[in-house]
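# A closer look at the structure
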2 protein chains.
Amino acid sequence: MTRPSMQRPAMTPTVVALPETVPFVGPEAQERARDKAFRARIGANENVFGPSPKAIEAMQLTAGDGWMYGDPENHELKVAIARHHHVEPGNIAIGEGIDGLLGYAVRLFVEPGVKVATSFGGYPTFNYHVVGFGGQLVTAPYRDDHEDPDALLDVARREQARVLFFANPDNPMGTCSDAATVTGLIERLPEHTMLFLDEAYLEFAPPGTAPPLDVEHPRVLRFRTFSKAYGLAGLRVGYAIGETSLIRAFDRIRNHFGMGRVAQAAALAALGDGAHLREVVGKVAAARDRIASIARANGLGSVPSATNFVALDCGRDGAFARKVLNGLVERDVFVRMPGVAPLDRCIRVSAGTPAHLDLLAEMLPEALAEARSASG
Amino acid sequence: MTRPSMQRPAMTPTVVALPETVPFVGPEAQERARDKAFRARIGANENVFGPSPKAIEAMQLTAGDGWMYGDPENHELKVAIARHHHVEPGNIAIGEGIDGLLGYAVRLFVEPGVKVATSFGGYPTFNYHVVGFGGQLVTAPYRDDHEDPDALLDVARREQARVLFFANPDNPMGTCSDAATVTGLIERLPEHTMLFLDEAYLEFAPPGTAPPLDVEHPRVLRFRTFSKAYGLAGLRVGYAIGETSLIRAFDRIRNHFGMGRVAQAAALAALGDGAHLREVVGKVAAARDRIASIARANGLGSVPSATNFVALDCGRDGAFARKVLNGLVERDVFVRMPGVAPLDRCIRVSAGTPAHLDLLAEMLPEALAEARSASG
């Protein structure tokens, strides 16, 4: 074959402008770099208590049917989710996790020149999608470790933002606003602004965190997932709830055969096992308490959490928290931390099993001592 | 809550212009409409012979680990695929099936105003992505039921197309070009044009169908899948092979945690079971012969196939073929047909089990007689 010209057509200006950085490095990549497995995988807010045994059984029974595409309409799962929330199937869009759905939702509304309001230090994958479609992020700071609806609304108004992202409960701090606060945010939403309300961690939050579902509202999309409380992060199932014409718009752009057959079966079974969900939520609450008490025992604060993780306040700056985090990682405890100040005074610890948290309790004093001695 | 304004911010002009139609209706939707299951699911080119028992076992063993996100780098699977093809892991991008990867690849290069060359009647999901990102399709007709490299190159040159899509073997006709023909296409590719070479059905094709992999070529992306010969359509795993800087570009836009953990495990195990693959390919070849012989017995032609399906030539126009198809569907045989003339003189039958094809042999004469009598 003759050598081809090395010319290549240009990628789009939006793609060319994108960095090659990624929102998160996986624990597996860290394990490969360390050449050693973590003993406590409590950094990605996964549900260590696992999926419902019924979901596991559903996956095992469906495995042999893996040669069939999943139903592109996700019909059975969609009907079950709609019934669960007392809405219509036409109010539900199912997709490849909240990450996948946020990508679709951003694509519906964002193009170069469009502004999007979010909290400074909020969910990086949402930002990744916004920038990925050429949007411009405009931010409001957290207030007292909470996403701040008033400040976000001010930014959205001032900047004519087309989308406002609000996670309740929040990641990475784990805090939440009550239903009245979120309702206030919705009521004051400008006409030019969509609200993307990320409720990935809702099942862990106290009753009264979520405002009632209003699927008539033309500017609110709510996002839920099977990755957290349902323990199915590795199966990729999330859903959006909203007004029917909004939901239908996903059909114009989504990967119609993107939902796996095994994944659909797993989610359907998980949704049906409320007892397991309640058990998990109880275990997570106990783990949160234990993490806070480990923090206290080490003279650290912790941020009250409505999620399956706790932000431990290391009490100094980001550089210090990074040292504590590195000390834990070196001691086989996988944790993560927020990316920007002032949130990055904290490290983020996911609800682990008692054995994971024993290891945390054992290793945190050493990691702290090392960080303090290095910092003087 | 006060009633909100019914105003909604505009979606992007590209999205607003999109139809609500979808590339394919799933067999499940048809079954719901019929209120009756199909007895032969041989319309979606799925692999009825199923995945490797090792893949099934891998899924069953991994199900309990479904609470963990899949490795976002797909490291183990990527290394295994690279080794399988004697290329580097940096030449492989893994994604949510070829459909997902085609979406990403289109997004890299296509924006409003960009032209994309493909065959008139070629793979609808590719077209869906092109239009979805605002691109404009320019087409060349099939020639003798084959995608036509010369005509596609002419169109690409004339229209300054940024991407040329070529499926080898082809869907929906099942024909293929030999390696020399594809090499000729690659050698004559204009400098302003990327080739997206969809090889989803390659494992079913005769030796000598695929040109050697040249991962230095800056303008060729090749697409493979675990959905067809490997029997894992319901798990959503495909990959692209290409030059490293092209492959890295996927990292700028892909859903990094989009690959399921169970899916990765299934694909890895499937890739390792070459014996099963060979067995499936043999069964598919036998099924193709049987389908062609059923066609002959009914006085119909069939298009020689290098895939796991056969286009049965019903010998008249699209309206007639549609009647034959409907007659089969009414008799519990799920098949599909090409969307445009002259391809739509055919119905497309996937390689079925002997029992499926017994049903086809039983029902085709009735469906044909009915269609003929209705058409006069």
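Structure's up top.
Since the model is a prediction, treat every value here as computed from it, not as a measurement. (Residues numbered from 1 in each chain as written. Chains lettered and ligands numbered in written order. Predicted model: local features only at pLDDT ≥ 70, side-chain atom pairs only at ≥ 80, totals over all residues. Heavy atoms only, no water.)

### What to know about the packing of helix H11 (residues 274-297) of chain B against helix H13 (residues 354-375) of chain B
Residues and elements named next belong to chain B. Spelled out, the test is: For helices, the fitted line uses only the C-alpha atoms of the stretch in contact; every axis is such a line through C-alpha atoms, and the angle between N-to-C directions lies from 0 to 180 degrees. Numbering goes from the N terminus for both helices and strands, where a helix is a DSSP run of H or I of at least four residues and a strand is a run of E of at least two. In what follows, roughly perpendicular refers to angles from 65 to 115 degrees, roughly parallel to angles under 35, roughly antiparallel to angles over 145, and oblique to any angle outside these ranges. Throughout, a contact is declared for two residues whenever any of their heavy atoms are within 4.5 Å. The classification used treats Ala, Val, Leu, Ile, Met, Phe, Trp, Tyr, Cys and Pro as nonpolar, Asp, Glu, Lys and Arg as charged, and all other residues, Gly among them, as polar.
At a minimum axis distance of 10 Å, the contact between H11 and H13 shows a crossing angle of 10°. Compared by their axis directions, H11 and H13 come out roughly parallel. Every residue of H13 that contacts H11 at Ala287, Arg290, Ile291 and Ile294 is listed here: Pro354, Leu357, Asp358, Leu360, Ala361 and Leu364. The class makeup of the residues in the contact of H11 with H13 is 8 nonpolar, no polar and 2 charged.

### Section: the sheet that holds strand S10 (residues 309-313) of chain A
Residue and element names in this part refer to chain A. So the rule is basically this: The rule for pairing is simple: two strands pair if DSSP sees at least two bridges between them.
Reading across the sheet, the 3 strands line up as S9-S10-S12 and stay open at both edges, with antiparallel pairing between neighbours. Where the open sheet ends on each side, the last strands, each with one partner, are strand S9 (301-302) and strand S12 (346-350). Both S10 and S12 contribute to a ladder of 5 bridges, which runs antiparallel. Note on S12: the bridge partner recorded for Ala311 is Arg348. Seen against the sheet, helix H11 (residues 274-297) touches S9, S10 and S12 and runs at an angle of roughly 10° to S10.

### Considerations on the packing of aromatic side chains
What counts, and what does not: Working definition: a ring pair exists when centres of Phe, Tyr or Trp rings (six-membered ring for Trp) sit within 6.5 Å. Plane angles under 30 degrees give stacked, over 60 give edge-to-face, the rest tilted. Working rule: Lys NZ or Arg CZ, within 6 Å of ring centre, within 35 degrees of ring normal, means a charge sits over the ring.
Within this structure, the stated rule accounts for 18 aromatic pairs over all chains. Pairing Phe126(A) with Phe196(A) gives two aromatic rings, centres 6.3 Å apart and planes at 80°, and the pair type is edge-to-face. Here Phe196(A) lies in strand S6 (residues 194-198) and Phe126(A) lies in helix H6 (residues 124-132), a separation of 70 residues in the sequence. Over the ring of Phe133(B) we find Arg107(A); its NZ or CZ atom is 3.7 Å from the centre of that ring.

### Digging into helix H2 (residues 27-34) of chain B
Along an α-helix, residues three or four apart share an orientation, since each turn contains 3.6 residues. Condition: The classification of residues rests on relative accessible area computed with a 1.4 Å probe and restricted to protein chains. Under 20% of the type maximum is buried, over 50% is exposed, and intermediate values are partly exposed.
Restricting attention to buried positions, one finds in H2(B) the residues Pro27(B), Glu28(B) and Ala29(B). Here the buried face of H2(B) lies against helix H10 (261-271) of chain A together with strand S1 (40-41) and strand S11 (333-334) of chain B. Phi for Asp35(B), located one or two positions after H2(B), is positive at around 60°.

### Examining the sheet that holds strand S2 (residues 92-95) of chain A
Residue and element names in this part refer to chain A. The mixed open sheet is built from 7 strands, whose spatial order is S2-S8-S7-S6-S5-S3-S4. Looking at the sheet topology across the chains shown, the edges are occupied by S2 and strand S4 (136-140). Across the sheet, the mean angle separating the axes of adjacent strands is 25° when strand polarity is ignored. Across 4 bridges, strand S7 (residues 220-225) lies against strand S8 (residues 238-241) in antiparallel orientation. Counted as the bridge partner of Arg224 is Tyr239 from S8.

### Observations regarding the interface of chain A and chain B
Which entries qualify depends on this criterion: Buried area is understood as the total, over both parts, of accessible area removed when two parts are fitted together, assessed with a 1.4 Å probe. Any Lys or Arg side-chain nitrogen found within 4 Å of a carboxyl oxygen on Asp or Glu counts as a salt bridge. Polar contacts, as counted here, are pairs of nitrogen or oxygen atoms within 3.5 Å of one another; within protein the pair requires one atom able to donate a hydrogen and one able to accept it, and residues that are adjacent in sequence qualify only if both atoms are side-chain atoms.
With 95 residues of chain A in contact, the opposing surface of chain B contributes 95 residues. When chain A packs against chain B, the two sides together hide about 8,100 Å² of surface, and 58% of this comes from carbon and sulfur. Here chain A is connected to chain B by 8 salt bridges. The salt bridge partner of Asp71(A) is Arg32(B), with a shortest N-O separation of 3.0 Å. Here chain A and chain B share 51 residue pairs in polar contact (both at pLDDT 80 or more) between them. When contributions to the side of chain A that touches chain B are tallied by element, the ones reaching two or more residues are helix H1 (13-16), helix H2 (27-34), helix H3 (53-62), helix H5 (97-109), H6, helix H8 (179-187), helix H9 (244-250) and H10 of chain A. Sorting elements by how many residues they give to the side of chain A that touches chain B places H5(A) first, with 5 residues. Residues that form the side of chain A that touches chain B fall into these classes: 41 nonpolar, 26 polar and 28 charged.

### Observations concerning the relation of the copies chain A and chain B
Note the following rule: C-alpha atoms of residues with pLDDT of at least 70 in both copies form the basis for the least-squares superposition of the copies.
For the pair chain A and chain B, the relating rotation is 180°, the translation along its axis is 0.0 Å, and the fit reaches an RMSD of 0.0 Å. What we have between these two chains is a two-fold relation. Across chain A, the rotation axis passes nearest the C-alpha of Gln60(A), at a separation of 2.4 Å. Comparing interface residues between copies, 100% of those in chain A also sit at the interface in chain B, which points to an isologous, same-surface contact.

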